Number of protein chains: 2
Amino acid sequence: MTFDPPLSPALLPAGFVDLLPPDAEAEAEGTEILLAVFGGHGYERVAPPLLEFEDSLLTASGAAVADQAFRLMDPDTRRMMALRPDITPQIARIAATRLDGAPRPLRLSYAGQTVVVGGGVAGQSERQIGQAGIELIGPDSPAADAEVVSVAAEALARLGVPGVSFDLTMPLLVPSLIDGLGLSAATRTTLMHALDRKDAAAVARYAGSAADTLIALLSAAGEADQALAALDAASLPATARAYSERLKASVEAVRVRSPELRLTVDPVEFRGWKYHTGVCVTVYAAGSREELGRGGRYLCNDNEPACGLTFRPGALFRAAPRRARPDRVYLPFGTDSAFAQAVREGGRVTVAALEPHDRPEEEARRLSCSYVARDGNLLPIA
Amino acid sequence: MTFDPPLSPALLPAGFVDLLPPDAEAEAEGTEILLAVFGGHGYERVAPPLLEFEDSLLTASGAAVADQAFRLMDPDTRRMMALRPDITPQIARIAATRLDGAPRPLRLSYAGQTVVVGGGVAGQSERQIGQAGIELIGPDSPAADAEVVSVAAEALARLGVPGVSFDLTMPLLVPSLIDGLGLSAATRTTLMHALDRKDAAAVARYAGSAADTLIALLSAAGEADQALAALDAASLPATARAYSERLKASVEAVRVRSPELRLTVDPVEFRGWKYHTGVCVTVYAAGSREELGRGGRYLCNDNEPACGLTFRPGALFRAAPRRARPDRVYLPFGTDSAFAQAVREGGRVTVAALEPHDRPEEEARRLSCSYVARDGNLLPIA
C-alpha cells in the first residue's frame with residue numbers, strides 16, 4: 001500500500017543517472033588512462049569497499065564529510081554502516097592499518113564511486129560521484145606537493161584536456177591572520193563570508209588591524225608569479241609568513257617538475273578545505289567553471305603527513321575531447337569466424353548477424369555499421 | 001554514546017574487503033580486458049547508478065533479488081531507495097525505457113559493484129560483489145544463446161583463464177515434467193530438494209510416473225554430446241521435449257561459433273535460476289568449485305526476449321594467471337624529467353626521490369625498485 005504517484009520506470013532519484021553509450025565507455029576509458037598515468041609514477045592501486053562501519057569511515061579526515069553520508073544498518077551486527085561519501089579517508093585508513101609497515105613514501109591510487117546525501121555543496125546536483133586519485137603518504141615537503149600536482153597534470157595532458165589550470169592556495173593562511181584579532185564569533189563569521197565573496201569593503205570594515213594585509217592578499221589572487229610577489233610584499237606576521245613561504249616553495253617545486261603548467265595562486269581561498277593542513281589545489285579547464293579535481297595536504301589518520309588529489313571522472317569526460325569510436329563491421333550470418341577475429345584484432349568492432357538477411361547492407365546500416373563483410377573483404381556502406 | 005566494543009580501525013563489516021596491491025590492479029585490469037572483448041563484438045557499455053528507487057529496481061526481473069537488497073531512504077522525497085544487488089535488472093530497465101527505440105538486437109555491456117545483504121547464498125560470504133557482463137536483447141534463438149556463450153568464452157581466453165568449462169542447463173525442463181504430476185506442495189518441495197541433491201532413490205520415491213524419466217535425466221548430466229544423446233533417448237512429453245530440443249539447438253549453435261569450448265549439460269539443474277525462461281549457463285575453471293560467472297535467457301522487463309551472462313571479476317582474478325608486474329626504476333633526486341618520461345614510455349614504472357639520498361641503491365631497494373637511473377642509464381639493483 002503506497003500513496004506515491006505512479007512511477008515511470010525510467011525515473012531515477014535526483015542526482016543519479018544512467019550513463020549510456022558512448023558516455024559510459026568514455027568515462028571508463030578516461031578513468032583507466034588516469035590510473036595508468038598514476039601507476040607509471042609508482043602509485044599502486046587499492047580498492048576499499050563501498051560501505052564501512054560509520055565509526056570507522058566517518059572519523060579522522062572522514063568526519064569532515066560525515067553529514068554527507070547515507071547510513072544503513074548491518075542486519076548481522078546491528079551496527080550502523082555508511083556508504084562512502086569520499087574515498088580519501090579510506091585510503092588514509094588503509095595506509096595507517098594494513099599498509100602501516102609498507103615503506104614510505106607510500107604512493108597509492110584509487111578509482112571508484114561515492115554517494116552523497118546531496119543538497120550540501122553549491123552547484124553540485126550529482127549524488128553519485130566517481131573519484132579517481134592519488135595519495136602520497138609520508139613526506140611533508142614542497143617536492144611532495146609538487147609531485148602530486150605534476151602527476152595529476154600529466155594525467156590530464158594524456159587525456160588531452162585543453163587549457164588546464166591548477167589553482168593553489170594555503171587555506172590556513174587567512175585563519176592565522178584572523179585568529180589573533182580577538183574578534184567575536186559573529187564578526188569572525190561575517191569576515192570569513194566577506195573574504196569568501198572577495199568583498200574588500202566588508203573586509204575593511206570587519207578585519208580591524210589585519211584589514212590592510214587581507215585586502216592586499218585579496219588583490220594578490222591570480223597568475224602564480226604575480227601572486228607570490230604580492231605575498232612577498234605584504235606585511236605578514238611570522239605564522240602567516242611561514243605559510244606563505246611554504247606555498248612559494250611548493251609553487252617553485254612544481255615549476256621545476258612541470259615548467260609549462262599554468263599555475264594560479266589565491267592566497268585567500270579557504271572554502272571547502274575542511275581537513276587540510278597545507279598547500280591545496282583546485283583543477284580547472286579553460287572555459288568551464290566546473291572543478292575537474294581538487295586536493296591538498298592533510299594529516300593521514302590524524303598523524304602522518306600526506307598529500308593527495310582526486311579527479312571527478314564525470315567532470316573530466318565532459319572537458320576531455322572524445323576519442324574516435326571504432327568502425328563497426330556487419331558480419332552476415334555464417335561469416336568465417338577467423339576472418340571476424342582478424343577484423344576485431346585490426347581494431348574494428350564486429351556485429352554478427354544472428355540469422356540470414358536478404359539485404360545485409362540495409363541491416364548493416366540499421367545497426368550503425370559502416371562496413372559489411374563479404375568474401376573476406378570489408379565493403380563500405382554507402 | 002555507544003555500547004559497542006572498542007573498534008579497530010582496520011575492521012570492516014563482514015563481506016567487505018580492501019583490495020590491496022597488486023590485487024586491486026589485477027581486478028581492474030581484468031575487468032577492462034573483459035569489457036574490451038565485449039566491445040569488440042559490438043556490446044556497448046552502459047553504467048546505471050548504484051542506487052535506485054526500490055519500486056523501480058526490485059520489480060520485474062529485479063524482484064528475484066529483492067530480499068538481498070539494502071534499503072535506504074531518500075531524504076529529499078522520503079521514498080525508499082535500494083542499493084543494487086544485481087545489475088542485470090537495471091540493464092533491462094534501460095533497454096525498455098531509454099533505449100526502447102534503439103535497433104535490435106541491442107547489445108549492451110556493463111561493469112560495476114553490487115551489494116547484497118548476505119547470508120542467503122550458500123558459500124557466498126562476500127557482500128560487495130563486482131559484476132561485468134553482457135546482455136543481448138531482442139532475439140530469441142539458439143544463435144543468440146550461442147553468441148553470449150562464445151563472447152564470454154573469448155573473454156576468458158583473453159584473460160588466460162585455464163580449463164574453462166560452460167555448464168548449460170534448461171531450468172524449466174524439470175518443472176515441466178513435475179507440474180503435471182498432481183503432487184502436493186510438500187511432496188513437490190521434497191522432490192525438488194531430492195533433484196537438487198541428485199538423490200536418485202528419493203526421486204524414485206516421490207516422482208510418481210515421472211520417476212524413470214527424471215532418473216534418466218539425472219544420470220545424463222555430463223559432457224554435452226553424451227548428455228544430449230541421453231536426452232534424445234529419454235521419453236519426454238511434448239513440452240519437455242521442446243525444452244530439450246532448444247537446449248540441443250543452442251549447444252549445436254555454440255559448437256559452430258566455438259568448436260573448441262568445453263561444454264557440459266546438466267538437464268536437471270535449476271537451482272539459483274529465478275527469473276530465467278530458457279537456456280542457462282554457469283562458468284567454471286578447472287580445479288575450482290567457485291563460479292566465475294552465470295547467465296541465461298529471460299524476459300527483459302517482462303516482455304522482450306534477452307540473454308545475458310555476468311562474470312564476477314573477484315572470482316575471475318583468482319582463477320586467471322597474474323600478469324608480470326612492470327619493473328620499478330628509482331629516480332634519484334633531480335633526475336632529468338625527459339629521461340624519466342622515456343623510462344615510463346618504455347613500460348616501466350618510475351619512483352622519484354623527493355629529496356637527495358647518499359645511497360640511492362639502498363633507497364631503491366627499500367622501495368622495491370629493480371633499477372636505479374644514473375647518467376641516463378638504468379643500473380640493475382644487485
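For clarity, every value in this text was computed on a predicted model and none was experimentally measured.

Conventions we followed
Residues numbered from 1 in each chain as written. Chains lettered and ligands numbered in written order. Predicted model: local features only at pLDDT ≥ 70, side-chain atom pairs only at ≥ 80, totals over all residues. Heavy atoms only, no water. Phe/Tyr/Trp six-rings, centres within 6.5 Å; stacked < 30°, edge-to-face > 60°. Helix = DSSP H or I, 4+ residues; strand = E, 2+ residues; numbered from the N terminus. Buried < 20%, exposed > 50% of the residue type's maximum accessible area, 1.4 Å probe, protein only. Lys NZ or Arg CZ within 6 Å of the ring centre and 35° of its normal. Pairing = 2+ DSSP bridges. Contact = heavy atoms within 4.5 Å. Axes fitted to C-alpha atoms, helices over the stretch in contact; angles between N-to-C directions. Domains from an automatic or database assignment. Least-squares fit on C-alpha atoms with pLDDT ≥ 70 in both. Buried area = accessible area lost by both parts, 1.4 Å probe. Salt bridge = Lys/Arg side-chain N within 4 Å of Asp/Glu carboxyl O. Right-handed = clockwise from strand over helix to strand, strands pointing away.

## Considerations on the packing of aromatic side chains
Piece 1. In total, this model carries two aromatic pairs over all chains according to the counting rule given.
Piece 2. Their ring planes at 85° and their centres at 5.6 Å tell us that Tyr275 of chain B and Tyr298 of chain B sit as a pair that is edge-to-face. Highlighted residues: Tyr275 of chain B in the loop between strand E9 (262-265) and strand E10 (276-285) and Tyr298 of chain B in strand E11 (residues 293-300), separated in sequence by 23 residues.
Piece 3. You can call Tyr298 of chain B buried: its relative accessible area is 1%.
Piece 4. Note that Arg348 of chain A overlies the ring of Tyr371 of chain A, its terminal NZ or CZ placed 5.1 Å from the centroid.
Piece 5. Its end group placed over the ring of Phe53 of chain B, Arg79 of chain B keeps NZ or CZ at 3.8 Å from the ring centre.

## What to know about the sheet that holds strand E11 (residues 293-300) of chain A
All names here are of chain A.
Piece 1. With mixed pairing, nine strands are arranged side by side in an open sheet as E1-E5-E6-E12-E11-E10-E7-E9-E8. Lying at the two open borders of the sheet, with one neighbouring strand each, are strand E1 (44-45) and strand E8 (222-223).
Piece 2. In terms of strand pairing, strand E6 (residues 128-137) meets strand E12 (residues 304-311) through six bridges, oriented antiparallel. The residue bridging Ile134 from the neighbouring strand is Leu309, located in E12.
Piece 3. This element, helix H10 (residues 238-257), spans strand E7 (164-169), E8, strand E9 (262-265), strand E10 (276-285) and E11 of the sheet and lies at about 175° to E9.

## Comments concerning the domain arrangement of chain A
Piece 1. What the domain assignment lists for chain A is domain 1 (14-160 + 294-324), domain 2 (172-271) and domain 3 (328-380).
Piece 2. Centre-to-centre, using C-alpha coordinates, domain 2 of chain A lies 62 Å away from domain 3 of chain A.

## Examining the relation of the copies chain A and chain B
Piece 1. Aligned on chain B, chain A shows an RMSD of 0.0 Å; the corresponding rotation is 180° and the shift along the axis is 0.0 Å. The relationship between the two copies is best expressed as a two-fold rotation axis. Within chain A, Leu72 of chain A has its C-alpha nearest the rotation axis, a separation of 3.2 Å.
Piece 2. Interface overlap between copies is the fraction of interface residues in one copy that are interface residues in the other; for chain A against chain B it reaches 100%, indicating a shared surface.

## Here we look at the pairing of strand E15 (residues 371-374) of chain B
All names here are of chain B.
Piece 1. Note that strand E13 (residues 328-331) and E15 share two bridges and pair parallel. If you follow Val329 over to E15, its bridge partner there is Tyr371.
Piece 2. Linking E15 back to strand E16 (residues 377-380) in an antiparallel pair, the connection comprises two residues, with Asp375 at a positive phi of about 50°.

## As for the interface of chain A and chain B
Piece 1. Counting residues at the interface gives 76 residues for chain A, matched by 76 residues for chain B.
Piece 2. For the pair chain A and chain B, the two sides together bury roughly 6600 Å², of which 61% comes from carbon and sulfur.
Piece 3. Together, Asp18, Arg45 and Leu354 of chain A form the three largest contributors to the area buried by chain A at its contact with chain B, with a combined 10%.
Piece 4. On the surface where chain A and chain B come into contact, there are eight salt bridges.

## A short note on the pairing of strand E13 (residues 328-331) of chain A
Residues and elements named next belong to chain A.
Piece 1. With burial as the criterion, each face of E13 is covered, one bearing Arg328 and Tyr330 and the other bearing Val329 and Leu331.
Piece 2. Bridge count for E13 against strand E14 (residues 349-352) is four bridges, and the pairing is parallel. Its bridge partner being in E14, Val329 is matched across the sheet by Thr350.
Piece 3. In the classification by handedness, the crossover that spans E13, the intervening helix H12 (residues 337-345) and the parallel E14 is right-handed.

## Considerations on the environment of Leu20 of chain B
Piece 1. In this structure, Leu20 of chain B sits in the segment before helix H1 (23-40).
Piece 2. Along the primary structure Leu20 of chain B and Thr190 of chain B are separated by 170 residues, whereas in three dimensions their C-alpha atoms are 45 Å apart.
Piece 3. Those residues within four positions of Leu20 of chain B in sequence are excluded, and the remaining contacts are Arg45, Val46, Ile94, Arg98 and Leu99 of chain A.

## Notes on the sheet that holds strand E4 (residues 80-83) of chain B
Within a sheet, each strand pairs with its neighbour through backbone hydrogen bonds, oriented either parallel or antiparallel.
Residue and element names in this part refer to chain B.
Piece 1. Read across the sheet, three strands follow the order E2-E4-E3 without closing on themselves; strand pairing throughout is antiparallel. Edge strands, defined here as strands with exactly one partner in the open sheet, are strand E2 (51-53) and strand E3 (71-73). The mean angle between the axes of side-by-side strands here comes to 35°, regardless of whether they run parallel or antiparallel.
Piece 2. Across three bridges, the pairing between E3 and E4 is antiparallel. Counterpart to Arg71 in the pairing with E4 is Ala82.

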